[in-house]
Amino acid sequence: MSTDKIDYSAVPDTRGHFGPYGGRYVSETLMHALDELDEIYQRLKGDASFQEEFDKDLAHYVGRPSPLYEAERLSKKIGGARIVLKREDLNHTGAHKVNNTIGQALLAKYTGKQRVIAETGAGQHGVATATVAARLGLECVVYMGAEDVQRQALNVYRMKLLGATVVPVHSGSKTLKDAMNEAMRDWVTNVDTTFYIIGTVAGPHPYPQLVRDFNSVVGREARAQSMDRFGRLPDALVACVGGGSNAIGLFHPFLSDDSVAMYGVEAGGDGLETGRHAAPLNDGIPGILHGNRTYLMEDDDGQIIETHSISAGLDYPGVGPEHAWLKDIGRVNYVAATDNEAMHAFRELTRVEGIMPALESSHAVAHGMKLAAESDPDDIILVNLSGRGDKDILTVAKIDGIDV
Amino acid sequence: MSRITSTLAQLREANRKALVSYIVCGDPTLAATLDAMHELVKAGTDIIELGVAFSDPMAEGPVIQLGHERALKGGASVRATLELVSEFRKQNSETPVVLMGYANPVARMGYAVFAEAAAKAGVDALLTVDLPPEESHELDAELAKHDLDNIYLLAPTSKEARIKTICDAARGFVYYVSVKGVTGSGSLNADDVAQRVEKIRAQAHTPVLVGFGIKDAKSAKAVAACSDGVVVGSAYVSIMAKAADTPMPEVLKELHTLVSSIRQGLDEL
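Computed from a predicted model, the values in this text were never measured in an experiment. (Residues numbered from 1 in each chain as written. Chains lettered and ligands numbered in written order. Predicted model: local features only at pLDDT ≥ 70, side-chain atom pairs only at ≥ 80, totals over all residues. Heavy atoms only, no water.)

## Here's the deal with the overall build of chain B
Short version of the rule: Helix and strand assignments come from DSSP, with helices taken as H or I runs of at least 4 residues and strands as E runs of at least 2, each series counted from the N terminus. The globule rule used for comparison is 2.2 Å times the number of residues to the exponent 0.38, while the radius of gyration itself is calculated over C-alpha atoms. Think of it in three bands: with a 1.4 Å probe and only protein chains considered, a residue is buried below 20% of the maximum accessible area for its type, exposed above 50%, and partly exposed in between. We call two residues in contact when some of their heavy atoms are within 4.5 Å.
Secondary structure summary: chain B contains 12 helices and eight strands in total. Its C-alpha atoms give chain B a radius of gyration of 17 Å, near enough to 18 Å, the size a compact globule of 269 residues would have. The dimensions of chain B, computed from C-alpha atoms along their principal axes, are 45 × 40 × 35 Å. Put simply, chain B has 269 residues, and 62% of those count as buried. Considering only intrachain contacts with a sequence separation of at least 6, the fraction spanning at least 24 residues in chain B is 72%.

This is the structure we're talking about:
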C-alpha cells in the first residue's frame, strides 16, 4: 500500500480508529468516563498552559531532554553502521514510561480524581505511576500478574516504598494481560473516584492517542538532536514493541520522513517458529481485547493464548492499534528478537559501552546490532534505549545460575 | 415476533416478572450445562442466558471468572455453545436462550458465520459485553438478518443521550447493570435502581431487565418491583462450581431450590 500523502496527525479519527484498528470496545459502565477523558484531553492538548506545565515537569522532574549517545565502540566492534542510542534509560525512574505517567497525572489533576490505578508488567510503568502519585499525594493501586511479581521483585518493593499498593493478580496467565483485566475491573467499580493510568498505547480510545502524544517527546527530541549532531535525520529507527509506547513515541514524529526506515522489534521468545513468543504483529491476527481492535495472539476459537518472553514488559498478547495500522500500510517493519538474541545484546552493550539496558530494550539493541552489521558505515541507526537494566539483574543472575 | 419478545409480552400480560438465569456454558462440563438448563426451566426460569467462555472476561467478578476458566478447561467455545443449544432445543422449543460473551471469540468465528449458525442452533439473542453500539454495527446487521435480538447494556453511568441511543438500538430487552462494578458485586441500592430504571423505561421500546448484584429472592424482589424482571448469575455459578466434586443430582437440587425461591419472590409482586 502506498504511504504517500498520509496525514499521520489525522489519526486516530474522532472515535479512536487507526484504519480498522483501535476504537472503544468496553462495557457500557466505562463509556461515560472515556467520553469525559476524551473531552478533557482534546481540550487540554492544544492548551498552551497545559503543555507548558507538562514540559516543565519533563525538564525539571524527569531530566529531559535525554541524551543521544553514539555507541562508537559497539559500532566499531560490529563493523557496520553507526549506532546511536536515545537514552530514555537516564530518565527519572529509569525508563520512557514516566513521560506518559507525568502527562496522565496532569490529566488526573484536572479531573479532580484522588485515586489512580495502573497495570504493570515489568514494573516500570507501575514504578512511574507510583512515583507521580507520591509527588501529587494521590492514592495509588498497581495491578501486577503474580508471575511478574516474582520475576520483578525489586520493582515491586520500589512501588511499595513509594507508597503504592501492589495487588498480585492470580487469574489467567498471571502476567500483564491479566493485570490489565483486573485494573479494568477496578476501574468499572470505582469509576467516579479513580483515574486509570494506562501504561501503553493500547486500551480504549483516547488512551492510544494520549499515551502516544505524551511519549512523542522522545521522537521530537531525537529528531532535533540528530539534525543538530549529524546535520541530517537517521537512516533507521529501532525500538522494542510490547504494547509499543516507546516505539510509537520515537516513530511518530518521523512518520512523514520517507527516508527514515523504522523497525519495531517484538519479543521472539524461544523463536517465532516455536509459537512460544509474544509477537502478535509477526505471528498473530486481528481481534478485540482490552478495549481495542488490534493484532493478537489467540487460538482458533478466539481465546487469547499465553505468551512467552524473557522480558516481563514485552510479555503481552496484543499491541497498540496504531502499530497494527502502521504494519498494514507498510510504514514500519515489525521484526522479532529471541530471548537469546536479547540476552546477547544485553551483555554486549553492558560490556562494550558500560550501559546496561532493560531486557525489553535489549530486543531493540539486538536488532540494531543486526541491522548495523548489514548497513553502510555511513548509515545512522538510532536505537531507543527505552529503559535501564537494573531491575533485571536478578533475572539475569538466575540465567547465569547465580544466587544474588 | 422473536421468542424473547413474545415471552416477555406474555409475562407482562400475566402481570408477572421475568426471571433470566445465567450460567456459563461448559462449566464445568457441557453435559452439566445441558442438565442445568433444563433444571433452570423446571424451577421457573423464563429466559436462559448462557455465558460464552472467554480467556479474558473483563466484566466478571471472581465467581464467574472461575466459571469461565472451568468451562475453557471443559472444552467450551462458541461452536460448542451453539451445539449445546441445538441439543437443548431437541427438548425445549419455548424457552428463549441468550448468549452472553465477549467480542473476540465471535469476531474470530466471523459475524456472518456466527449469526447464521446461532439462528440455526435455536439461539434467540446475543449480548456482547464489550461491543457498545458504536462498535457493533457490523455484528448487529448480521444478527438482524437472522432475526436475532441484540441485547445492550445500560449502566448507572449512562447519560440521557446514550440511554436514548441504546434504547433505540435494542431488540428483545434492555439490560440495566444495577451497580458500578463487575458481576456478583454487592451493595445494590434498590432506590437508585428504581430511579434509573424509570428514566430508561421512558425511552425504551422494549422491556427493561436488571442484573448484577442480584443473588436471592429478597434482592430479586426489590429490583423487579421497579422493572420488568431480573437477571441472576453469580449465585447460580457458585452452585455449578460444586459440580466438579459433587454428584450432579445434588447440584441440580440446590440450583432448583434457589431458582424456585427467587421465582416465588418475584411472583409475590
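## Comments concerning the overall build of chain A
Counted only if it meets this: Each accessible area value is a Shrake-Rupley result obtained with a 1.4 Å probe; residue values ignore everything except the protein chains displayed when judging cover. Positive charges come from Lys and Arg, negative ones from Asp and Glu, while His and the chain ends are left out of the count. By convention, the charge on Lys lies at NZ, on Arg at CZ, on Asp at CG and on Glu at CD.
Secondary structure summary: chain A contains 16 helices and 14 strands in total. The C-alpha radius of gyration computed for chain A amounts to 19 Å, which stays within 12% of the reference 22 Å derived for 404 residues, consistent with globular compactness. Overall, the C-alpha framework of chain A stretches about 55 × 50 × 45 Å when taken along its three principal axes. Expressed as a percentage of its 404 residues, the buried residues of chain A come to 65%. A sequence separation of at least 24 residues applies to 74% of the contacts in chain A between residues at least 6 apart. For chain A, the exposed area adds up to about 14000 Å²; of that, 49% sits on carbon and sulfur atoms. If the 39 positive side-chain charges of chain A are averaged to one point and the 56 negative ones to another, these points end up 4 Å apart.

## Digging into the sheet that holds strand E14 (residues 380–385) of chain A
Residues and elements named next belong to chain A. Definition in use: Being paired, for any two strands, means DSSP has found at least two bridges between them. Between the N-to-C directions of two axes lies an angle of 0 to 180 degrees, each axis being a line fitted to C-alpha atoms and, for a helix, fitted only over the stretch in contact.
Strand order in the open sheet formed by six strands is E3-E4-E14-E9-E10-E13, with mixed pairing between adjacent strands. Each edge of the open sheet is held by one strand with a lone partner, namely strand E3 (68–70) and strand E13 (333–338). Mean inter-strand twist for the sheet, computed between neighbouring axes without regard to direction, equals 30 degrees. In the packing of helix H14 (residues 339–353) onto the sheet, the strands contacted are E3, strand E4 (82–87), strand E10 (261–269), E13 and E14, and the crossing angle to E13 comes to about 80 degrees.

## Let's talk about the environment of Gly79 of chain A
Residue and element names in this part refer to chain A. With respect to the element layout, Gly79 can be found in the loop between helix H3 (72–78) and E4. For Gly79, a relative accessible area of 57% puts it in the exposed group. Linking Gly79 and Pro377, residues 298 residues apart in sequence, is a C-alpha distance of 7.5 Å.

## Brief notes about the interface of chain B and chain A
Which entries qualify depends on this criterion: A 1.4 Å probe defines the accessible area here, and the buried area is the portion of it lost by two parts on being joined, summed over both. Salt bridge, as applied in this entry: a Lys or Arg side-chain nitrogen positioned within 4 Å of an Asp or Glu carboxyl oxygen. Here a polar contact is taken to be a pair of N or O atoms separated by no more than 3.5 Å, where protein atoms must pair a possible hydrogen donor with a possible acceptor and residues adjacent in sequence count only if both atoms sit in side chains.
Tallying the contact residues gives 34 residues for chain B and 36 residues for chain A. Both faces considered, chain B and chain A share a buried interface measuring about 2900 Å² in area, 50% of it formed by carbon and sulfur atoms. When the buried surface of chain B facing chain A is broken down by residue, Met58, Arg108 and Glu135 of chain B rank first, second and third, together holding 24% of it. Our count for the contact surface shared by chain B and chain A stands at five salt bridges. Of the charged contacts in the structure, one is a salt bridge between Lys180 of chain B and Asp192 of chain A, with a shortest N-O distance of 2.4 Å. Linking chain B to chain A there are 23 residue pairs in polar contact (both at pLDDT 80 or more). The set of elements that each furnish at least two residues to the side of chain B that touches chain A consists of helix H3 (62–73), helix H5 (103–109), strand E5 (149–154) and helix H8 (160–169) of chain B.

## With respect to the confidence of the model for chain A
Keep in mind that low pLDDT regions are not for reading the predicted coordinates in detail. What counts here: pLDDT is a residue-level measure of predictor confidence that goes from 0 to 100.
For chain A, per-residue confidence averages 96 on the pLDDT scale, and residues scoring 70 or more make up 99% of the total. Here helix H6 (residues 146–151) of chain A stands out as the element of chain A with the lowest mean pLDDT, 89, in contrast to strand E9 (residues 236–240) of chain A, whose mean of 99 is the highest.

## Observations concerning a nonpolar patch on the surface
To keep things clear, this is the line we draw: Like-charged residues within 9 Å of one another, or nonpolar side chains (Val, Leu, Ile, Met, Phe, Trp, Tyr) within 5 Å, are grouped into patches, provided each residue has over 30% relative accessible area and no salt bridge.
On the surface, Leu154, Leu394, Ile402 and Val404 of chain A cluster together into a nonpolar patch covering about 390 Å² of accessible area. If you trace the backbone, Val404 of chain A turns up in the segment after helix H16 (393–399).

## Overview of the sheet that holds strand E6 (residues 139–145) of chain A
The pairing of strands in a sheet happens through backbone hydrogen bonds and is either parallel or antiparallel. Residue and element names in this part refer to chain A. With parallel pairing, four strands are arranged side by side in an open sheet as E7-E6-E5-E8. Here the strands that pair on one side only, and so sit at the sheet edges, are strand E7 (165–169) and strand E8 (194–196). With direction set aside, neighbouring strand axes in the sheet form an average angle of 25 degrees. Pairing analysis gives five bridges linking E6 to E7, with the strands arranged parallel. Bridging from a neighbouring strand, Gly145 pairs with Val169 of E7. Contacts between helix H5 (residues 124–136) and the sheet are confined to strand E5 (115–120) and E6, with E5 contributing the most and set at about 165 degrees to the helix. Helix H8 (residues 176–189) rests against E5, E6, E7 and E8 of the sheet, and its axis sits at about 160 degrees to E5.

## Examining the pairing of strand E6 (residues 174–177) of chain B
Residues and elements named next belong to chain B. Which entries qualify depends on this criterion: A clockwise course of the path from the first strand over the helix to the second, judged with the strands pointing away from the viewer, identifies a crossover as right-handed.
Of the two faces of E6, both are covered, the one formed by Val174 and Tyr176 as well as the one formed by Tyr175 and Val177. With three bridges connecting them, E5 and E6 associate as parallel partners. Of the residues in E6, the one forming a bridge with Tyr152 is Val174. Traced from E5 through H8 to E6, the parallel crossover comes out right-handed. As paired strands, E6 and strand E7 (residues 208–211) are joined by four bridges and run parallel to one another.

## Observations regarding the pattern of salt bridges
All names here are of chain A. For the coordinates displayed, the defined rule picks out 47 salt bridges over all chains. The partner of Asp57 in a salt bridge is Arg135, with the nearest N and O atoms 3.0 Å apart. Highlighted residues: Asp57 in helix H2 (residues 48–62) and Arg135 in helix H5, separated in sequence by 78 residues. By relative accessible area, Arg135 is classed as partly exposed at 39%. Notably, a salt bridge pairs Asp235 with Arg232, separated by 3.0 Å at the nearest N-O pair. Note on Asp235: relative accessible area 24%, which makes it partly exposed.

## Describing the environment of Asp400 of chain A
Summarising the element assignment, Asp400 of chain A is placed in the segment after H16. Distance from Asp400 of chain A to Leu162 of chain A, taken between C-alpha atoms, is 31 Å for residues 238 residues apart in sequence.

## Notes on the side chain of Asp124 of chain B
Residue and element names in this part refer to chain B. Its location among the elements puts Asp124 in the loop between helix H6 (111–121) and strand E4 (125–128). Here Arg89 takes part through its side chain, which lies 2.9 Å from a polar atom of the side chain of Asp124. The residues contacting Asp124, other than those within four sequence positions of it, are Arg3, Ile4, Arg89, Thr95, Pro96, Val97, Leu148 and Asp149.

## Here's the deal with the nonpolar core
Where a protein is soluble and globular, its nonpolar side chains tend to be buried together. Using the following cut-off: Here, nonpolar core means buried Ala, Val, Leu, Ile, Met, Phe, Trp, Tyr and Cys residues that are tied together by side-chain atoms lying within 4.5 Å of each other.
Grouped together as the largest cluster of nonpolar side chains are 90 residues, with contacts concentrated most on Leu107, Trp187, Tyr196, Tyr207, Leu250 and Leu326 of chain A. The element best represented in this core is helix H1 (residues 28–44) of chain A, accounting for eight residues. With residues near it in sequence (within four places) discarded, Leu326 of chain A still touches Tyr8, Ile248, Leu255, Arg331, Val332 and Tyr334 of chain A. With 69 residues, the next largest nonpolar core counts Val106, Phe114, Leu154 and Ala235 of chain B among its residues.

## Quick notes on the confidence of the model for chain B
Mean pLDDT over chain B stands at 96; residues scoring 70 or higher make up 100%. What the predictor reports for the complex is a pTM of 0.97 with an ipTM of 0.96.

## Some points on unusual backbone geometry
Residue Pro12 of chain A follows Val11 of chain A across a cis peptide bond; omega there is 0 degrees. Within the secondary structure, Pro12 of chain A sits in the segment before strand E1 (17–18). Here the amide bond leading from Asp27 of chain B into Pro28 of chain B is cis, since omega sits at -5 degrees, within 30 degrees of zero. Mapped onto the fold, Pro28 of chain B is located in the loop between strand E1 (18–24) and helix H2 (30–42). Here Lys174 of chain A, not a glycine, exhibits a phi torsion of approximately 60 degrees, which is positive. Backbone geometry at Asp147 of chain B places phi at a positive 55 degrees, although glycine is not the residue there. In this structure, Asp147 of chain B sits in the loop between helix H7 (137–145) and E5.

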